[in-house]
Amino acid sequence: MFDNLHLLGPAFGIFLNFETILFVLGATLIGIVIGALPGLTATMGVALMTTLTYSLDHKLAILILICVYVGAIYGGSRSAILLNIPGTPASAASTLDGFPLARQGLAGRAMGISTTGSWLGTLFGTMCVLLLTPILGDLALTFGSYEFFWVAVFGIVICGSLSGGDPLKGYIAGFIGLFIATIGQESINAYPRFAFGNADLAGGFGLLPALVGAFGVAEVMQVMQGPAFKVVSSKLDSILPRVRDVAQYWRTIFRSGAIGTFIGILPGLGEDTAAWSSYAAARRGSKEKEKFGKGSVEGLMAAETGESACVPGAIIPVLTLAVPGSAPAAVLLAALLIHGMNPGPMLMTATPHFVYEIVAMLVIADMAKLLFGLTLVRPLLWILLVPRERLMPIVFVLCTVGAFAITSRIFDIYVMLGFGLFGYILRELKFPMAPLILGLVLGELLDKNLIRGLRLTDGSIEPFFTRPISAGLALLTLIAALWSIPYFNRIASEFTRNLFKRRPKAG
């Protein structure tokens with residue numbers, strides 16, 4: 001299972017050269033800046049950089065994308081602490097205690113805590129990638145078309161029910177994504193569907209233009225209609241993390257790292273869910289509950305550790321099942337496919353060295369993040385002074401260039417604009433975007449395995465429900481769907497309370 005651990009050393013050796021380190025530092029800094037600026041998300045940053053790194057060697061391109069991903073999730077804490085505005089959705093939980101600490105004159109300490117928590121969280125998640133990917137890879141080798149069909153369905157259902165807001169809207173967004181994925185040629189026989197005689201539609205919608213539109217153009221439209229933000233002036237105390245903060249809350253760090261990694265593995269939930277879940281768990285287990293929301297070091301540490309541990313966690317299902325654990329991981333999956341990689345059950349067998357190269361990429365990106373987090377605090381604060389309204393035209397131009405650069409088709413620019421407008425409308429109607437994108441990404445996996453499974457059984461659906469793993473995944477999907485219905489949720493909660501209720505002793 002771990003016979004290939006000797007590949008870890010050479011994996012680091014590939015990237016430890018002067019030119020690659022420059023790319024690492026530049027990409028991580030870009031990611032931190034993207035995360036720090038409210039209105040620019042990690043998904044948009046990874047999508048834009050995917051289009052700009054298309055011509056690079058696949059290993060260097062993936063390294064740059066991982067650095068941007070890791071940096072952007074961390075960078076959101078800058079504006080969360082100083083402005084009370086999360087730079088990314090994942091940093092929303094950090095505002096609860098980060099901003100109160102800044103108002104108490106402890107902005108430097110708050111950023112030191114966020115840097116430490118983020119660094120340790122990514123490191124914890126990376127160790128889980130190293131340990132869990134071979135295990136899940138071996139398990140995935142037992143999957144057939146029936147199991148992969150249910151993996152795709154489960155991803156849509158659990159993402160729709162747990163992504164926040166109304167579960168019905170999550171399901172609607174997910175199945176809209178599935179429908180859009182069916183437009184174009186059918187995956188096995190190449191029969192055109194919903195093309196209406198149009199050659200461009202017969203080729204389907206490109207995943208990258210769709211992602212750039214839904215997360216890039218839609219963000220631009222939302223930012224341009226919103227109010228301007230003003231920077232809160234705050235003096236910085238020492239930003240060096242205190243050993244006491246880490247030693248005192250080591251249980252919180254491990255708990256949040258485990259929660260963040262686990263949520264990352266689940267399809268489509270993402271870093272914001274990991275941050276809130278880690279924060280809630282820390283509050284329940286804390287001896288200082290009264291400090292939460294008023295400037296709790298433990299609360300900020302939990303949120304930052306959980307969201308950063310989710311990043312490597314979200315990459316685990318990408319490598320083993322070709323199923324993204326979050327929206328940025330969906331873009332990363334698309335980048336792997338564009339660069340000719342074959343993520344999924346055969347990855348550990350065909351190219352085992354690539355998994356260890358991913359581990360090396362995560363560790364190197366994490367160290368670059370720590371370096372910038374401790375040394376470039378004041379320059380990063382100056383970046384927050386740049387009005388977002390001046391950056392949005394530049395972002396829009398990059399979106400347009402990136403959408404066109406992959407295949408040089410004008411149609412892809414129309415796809416980007418269409419998805420941008422559609423994504424903007426969905427956001428205004430409070431629909432979650434993660435299920436939509438996950439449906440778009442998982443659509444081909446679901447479609448291909450459904451058709452293949454039906455062909456293998458001459459149209460019978462029995463193996464989808466009778467094979468042990470398929471039956472288990474079908475049951476999990478049903479439970480996840482029922483759990484989102486308030487009536488069944490109340491029944492389950494009442495049953496759980498009655499089950500653990502202490503009964504009075506007789507006599």
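Residues take numbers from 1 onward in each chain, read along the sequence in its written order. With pLDDT at 70 or above as the cut-off, local features in this predicted model cover only qualifying residues; side-chain atom pairs require 80 or more to be listed or tallied, and sums for whole chains, interfaces and linings still use all residues. Water and hydrogen atoms were dropped before computing side-chain values, which therefore reflect all heavy atoms in the structure.

Describe in detail the overall build of the chain, supporting the description with residues and values.
Assigned secondary structure in the chain consists of 24 helices and two strands. The buried share of the chain, taken over its 507 residues, is 56%. A separation threshold of at least 6 residues defines the contact pool for the chain, and within that pool the share at least 24 residues apart is 79%. Methods summary: accessible areas were calculated by the Shrake-Rupley approach with a probe of 1.4 Å, and residue burial reflects only the protein chains presented. Per element, the accessible surface of the chain, about 21700 Å² overall, is 67% carbon and sulfur. Runs of E in the DSSP output that reach at least two residues are strands. Runs of H or I that reach at least four are helices, and both are numbered from the N terminus. Only protein chains enter the accessibility calculation, which uses a 1.4 Å probe; a residue whose area is less than 20% of its type maximum is buried, one above 50% is exposed, and one in between is partly exposed. A contact between two residues is defined here by any heavy atoms of the two lying within 4.5 Å.

Talk me through the packing of aromatic side chains; I want residue IDs and the actual numbers.
Two numbers describe a pair of aromatic rings. These are the distance of the centres and the angle of the planes. Working definition: a ring pair exists when centres of Phe, Tyr or Trp rings (six-membered ring for Trp) sit within 6.5 Å. Plane angles under 30 degrees give stacked, over 60 give edge-to-face, the rest tilted. Inspection of the entire model under this criterion finds twelve aromatic pairs. For the ring pair Phe-124 and Phe-254, a centre distance of 6.1 Å and an interplane angle of 85° mean the geometry is edge-to-face. On the criterion of sequence distance, the pair formed by Phe-124 in helix 6 (residues 107-140) and Phe-254 in helix 12 (residues 250-265) is long-range, its members being 130 residues apart. A relative accessible area of 24% places Phe-124 in the partly exposed class.

Describe the pattern of salt bridges, listing the residues and the values that go with them.
In the sections that follow, a salt bridge refers to a side-chain nitrogen of Lys or Arg positioned within 4 Å of a carboxyl oxygen of Asp or Glu. In this structure the tally under the stated criterion is six salt bridges. Linking Asp-200 and Arg-409 is a salt bridge whose minimum nitrogen-to-oxygen distance equals 3.8 Å. Of this pair, Asp-200 sits in helix 9 (residues 199-202) while Arg-409 sits in the loop between helix 19 (388-405) and helix 20 (410-428), placing them 209 residues apart in sequence. For Lys-369, the salt bridge identified is with Asp-366, shortest N-O distance 3.1 Å. With a gap of three residues between them, Lys-369 and Asp-366 both fall in helix 17 (residues 352-375), about one helical turn apart.

Before we move on, can you summarise a nonpolar patch on the surface with the specific residues and values?
Patch construction takes residues with relative accessible area above 30% that form no salt bridge. Like charges are linked within 9 Å, and nonpolar side chains (Val, Leu, Ile, Met, Phe, Trp, Tyr) are linked within 5 Å. There is a patch of nonpolar side chains on the surface, built from Leu-475, Leu-478, Ile-479, Leu-482, Ile-485, Tyr-487, Phe-488 and Ile-491 and spanning about 710 Å² of accessible area. Elements represented by at least two residues in the nonpolar patch include exactly helix 23 (468-483) and helix 24 (486-500). With four residues, helix 23 is the largest single contributor of residues to the nonpolar patch. Within the fold, Tyr-487 resides in helix 24.

Let's hear about the nonpolar core: which residues, and what values?
Note on soluble globular proteins: their nonpolar side chains tend to be buried together. In this structure, Ile-62, Ile-66, Phe-215, Ile-358 and Val-395 are the most contacted members of the largest nonpolar core, which totals 90 residues. Sort the elements by how many residues they give to this core and helix 4 (residues 58-83) lands first, with twelve residues. Ignoring sequence-local partners within four residues, the contact set of Ile-62 consists of Leu-332, Ala-335, Leu-336, His-339, Ile-358 and Met-361. We call a set of buried residues a nonpolar core when its members are Ala, Val, Leu, Ile, Met, Phe, Trp, Tyr or Cys and they connect through side-chain atoms within 4.5 Å of each other.

Account for unusual backbone geometry, naming residues and giving values.
Phi at Phe-194 takes a positive value of approximately 55°, unusual for a residue other than glycine. Mapped onto the elements, Phe-194 comes out in the loop between strand 2 (192-193) and helix 9. The backbone of Lys-430 sits at a positive phi, close to 65°, despite the residue not being glycine.

How would you summarise the side chain of Ser-278 if you had to cite specific residues and measurements?
As for its position among the elements, Ser-278 is in helix 13 (residues 271-285). Under this definition, polar contacts are N or O atom pairs within 3.5 Å; protein pairs additionally need one hydrogen-donor-capable and one acceptor-capable atom, and for neighbouring residues in sequence, both atoms have to be side-chain atoms. Among the polar contacts made by the side chain of Ser-278, one reaches the main-chain carbonyl oxygen of Ala-274 at a distance of 2.8 Å. The contacts of Ser-278, once residues within four sequence positions are left out, are Ser-256, Ile-259, Gly-260, Ala-302 and Gly-306.

I'd like a rundown of the side chain of Ser-114, residues and numbers included.
Looking at the element boundaries, Ser-114 is found in helix 6. With a relative accessible area of 0%, Ser-114 lands in the buried category. One polar contact links Ser-114 to Arg-78, side chain to side chain, over a distance of 2.8 Å. With residues up to four places along the chain from it excluded, the contact list for Ser-114 reads Tyr-74, Ser-77, Arg-78, Ile-81 and Glu-304.

Can you lay out helix 2 (residues 18-36) for me, pointing to particular residues and giving the numbers?
Residues that lie three or four places apart on an α-helix share one face, since the helix turns once every 3.6 residues. Take the number of residues in a helix, subtract one, and multiply by 1.5 Å to get its expected span. End to end, helix 2 covers 27 Å across 19 residues, agreeing with the expected 27 Å (1.5 Å per residue, within 8%). The complete set of buried residues in helix 2 reads Thr-20, Val-24, Ala-27, Thr-28, Gly-31, Ile-32, Ile-34, Gly-35 and Ala-36.

Before we move on, can you summarise the environment of Val-220 with the specific residues and values?
With respect to the element layout, Val-220 can be found in helix 10 (residues 207-225). Apart from residues lying up to four places away in sequence, Val-220 is in contact with Met-392, Val-395 and Phe-396.

Residue-level account of the packing of helix 10 against helix 21 (residues 433-456), with values.
Axis definition: a line fitted to C-alpha atoms, over the contacting stretch in the case of helices. Angles run 0 to 180 degrees between N-to-C directions. Running from N to C, helix 10 and helix 21 point in directions that differ by 175°, and their axes come no closer than 11 Å. Taken together, the axes of helix 10 and helix 21 are roughly antiparallel relative to one another. Of the residues in helix 21, those in contact with Leu-207, Ala-210, Leu-211, Ala-214 and Phe-215 of helix 10 are Met-433, Ile-437, Leu-440 and Val-441. Three classes are used: nonpolar for Ala, Val, Leu, Ile, Met, Phe, Trp, Tyr, Cys and Pro, charged for Asp, Glu, Lys and Arg, and polar for all others, with Gly counted as polar. Of the residues belonging to the contact of helix 10 with helix 21, the class tally is nine nonpolar, no polar and no charged. Note on angle classes: values under 35 degrees are labelled roughly parallel, values over 145 roughly antiparallel, values of 65 to 115 roughly perpendicular, and the remainder oblique.

Just distances and angles here, no functional claims.
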